[in-house]
Amino acid sequence: QGENLLYCFEVAPAQPALTQVTQCRTEGSTRGLAAVPRLALDVMACEVLRVLQLTDTALVPVSYLVPRKSTQEFHEDLFPDCAGTLPATGAQAWWAGDSQQVGRVSLHPARRSTETFSSPVIACTQLQAADASSTDADADRSGSGYSSPSSLASPGSTATSLSASTGPSSGFASSPSQKSLQSILGPSSRFRHTQGRVLHRDTHLTNLRGLSLTTPGECDGFCTNHQRVALPLLSAGGQIAVLELSKPGRLPDAAMPTIQNGVAVADLSWDPFDPRRLAVAGEDAKIRLWRIPEGGLRETLREPEAVLRGHTEKIYSIRFHPVASDLLVSSSYDMTVRIWELSAGREVLCLQGHTDQIFSLAWSPDGKQLATVSKDSRLRLYEPRRS
């Protein structure tokens, strides 16, 4: 954060685990960074990574491409099957021992599945809420929306890509002795010529105003899925702007509809299986679940679908389960880690054992283990179904 140089690394299961591939210089300094899901990549252009850079006044997409002679073909070596968007199991089945993994899907445009998932319990709640709030539609439209001080100039779109020319990531020139070199030093990376560049200004979301300055340093500052981004704002009432990635350009100076969270935002996360559900952790020790209407926000949202209560102090971070639907984990200044079943709106497990502040937490990719890192310099591993 605070720099205008983005570093790209390749992760490998063997040593060296991290190898720098390239670096990209951007116009504006970084306030937050998030990776776009792989299913949103332009695979036919050999785009292997896209990140969204949050600056003071814009959301800037940075694309990483691997040069290939043919950019009209699908390159299987660059794009192996990835995890799909349908959950492998439900919360109750997972607790009962179901360890199925999320199905793999092809990134080939002609083979992609169009199936979608939505929590049935939450969906029913939404229909009831819509009926109850239909008489208040006019009042909602008159909300304050996205309001803040005067507009600031947006950064330019110029950038420089600097491919790493030395070290393990540089690879080797083709020669008869290449195989012998590779047998000694290991195979060269298929990403070694990756180039990062800022996409055209027409793809930027500009004229961002009033971004929150109080989100914790461990928070990414915003979150994204393949459809939209959520940005905490500095305005009173814990407002959150929700912007559609399919509608880039300059945001209007007039007020825009927002989520009125009610309290300052500590962390926020999109449901990996339901692109319209947003979980927001507040400084009042509560987690609120919001459902974004199809097509994006058209009016200010004031009432969440559900509110999760249990923590006694400010929540620090939240993470959705990577395999099972309707499971969320949270950590708090009360030094507990709690797992929630969203379909029932209740806490199902409280993990204790921390003696100091919990900085962050993460699920293992298979969803079986949970790791936390604490101020006491310890990394703790839990198996929630056995703890």
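How each quantity is defined
- Residues numbered from 1 in each chain as written.
- Predicted model: local features only at pLDDT ≥ 70, side-chain atom pairs only at ≥ 80, totals over all residues.
- Heavy atoms only, no water.
- Helix = DSSP H or I, 4+ residues; strand = E, 2+ residues; numbered from the N terminus.
- Buried < 20%, exposed > 50% of the residue type's maximum accessible area, 1.4 Å probe, protein only.
- Contact = heavy atoms within 4.5 Å.
- Areas by Shrake-Rupley, 256 points an atom, 1.4 Å probe, with all protein chains shown as cover.
- Polar contact = N/O pair within 3.5 Å; in protein donor to acceptor, adjacent residues only side chain to side chain.
- Patch = residues over 30% accessible without salt bridge, like charges linked within 9 Å, V, L, I, M, F, W, Y side chains within 5 Å.
- Salt bridge = Lys/Arg side-chain N within 4 Å of Asp/Glu carboxyl O.
- Pairing = 2+ DSSP bridges.
- pLDDT = per-residue confidence, 0-100.

1. Topic: the overall build of the chain
- For the chain, the count of helices and strands is 4 helices and 26 strands.
- The buried share of the chain, taken over its 387 residues, is 45%.
- Sequence separation of 24 or more characterises 58% of the internal contacts of the chain that already satisfy a separation of 6 or more.
- Here the chain has roughly 18,800 Å² of accessible surface; of this, 52% comes from carbon and sulfur atoms.

2. Concerning unusual backbone geometry
- Across the junction of Q15 and P16, the peptide omega takes the value -5 degrees, indicating a cis bond.
- Within the secondary structure, P16 is located in the loop between β1 (5-11) and β2 (18-25).
- Although it is not a glycine, N207 adopts a positive phi angle of roughly 65 degrees.
- Its relative accessible area of 0% is what places N207 among the buried residues.

3. Observations regarding the environment of H193
- Mapped onto the elements, H193 comes out in the loop between α4 (178-185) and β9 (195-198).
- Its relative accessible area of 45% is what places H193 among the partly exposed residues.
- For H193, the residues in contact, after removing those within four places along its chain, are L65 and P67.
- A polar side-chain atom of H193 sits 3.5 Å from a polar atom in the side chain of R192.

4. Quick look at a nonpolar patch on the surface
- Taken together, Y7, F9, V11 and L18 make up a surface patch of nonpolar side chains, about 440 Å² in accessible area.
- Examining the composition of the nonpolar patch, we find that 3 residues originate from one element, β1, more than from any other.
- For Y7, the position within the fold is in strand β1.

5. A look at the environment of L301
- Within the secondary structure layout, L301 lies in the loop between β18 (286-291) and β19 (306-309).
- Here the alpha-carbon distance between L301 and I240, two residues 61 residues apart in the chain, equals 9.7 Å.
- In this view, L301 contacts T258, I259, Q260, W290, R291, I292 and P293; residues no more than four positions away in its chain are not counted.

6. What to know about the pattern of salt bridges
- Enumeration according to the criterion identifies 19 salt bridges in this entry.
- The shortest N-O distance in the salt bridge between R228 and E244 comes to 2.8 Å. Taken together, the residues R228 in strand β12 (residues 228-232) and E244 in strand β13 (residues 239-244) connect sequence positions 16 residues apart. There is no split in this pair, since R228 and E244 are both buried.
- We note a salt bridge from R291 to E305, for which the minimum N-O separation is 3.0 Å. Placement of R291 in strand β18 and of E305 in the loop between β18 and β19 is noted, with a sequence separation of 14 residues between them.
- Relative accessible area serves as the criterion here: at 6%, R291 is assigned to the buried category.
- Here E305 falls in the buried class, since its relative accessible area comes to 13%.
- One network of salt bridges, with partners in common, ties together D271, R277 and D326.

7. A look at the sheet that holds strand β11 (residues 223-224)
- In spatial order, the strands read β11-β12-β13-β15; together these 4 strands make up an open sheet with antiparallel pairing. Each edge of the open sheet is held by one strand with a lone partner, namely β11 and β15 (259-260).
- As paired strands, β11 and β12 are joined by 2 bridges and run antiparallel to one another. Bridge pairing in β12 links T224 to V229.

8. Considerations on the confidence of the model for the chain
- For the chain, per-residue confidence averages 82 on the pLDDT scale, and residues scoring 70 or more make up 80% of the total.
- Below pLDDT 50 for its whole length, residues 121-186 participates in 111 contacts with residues either more than four positions away or in separate chains.

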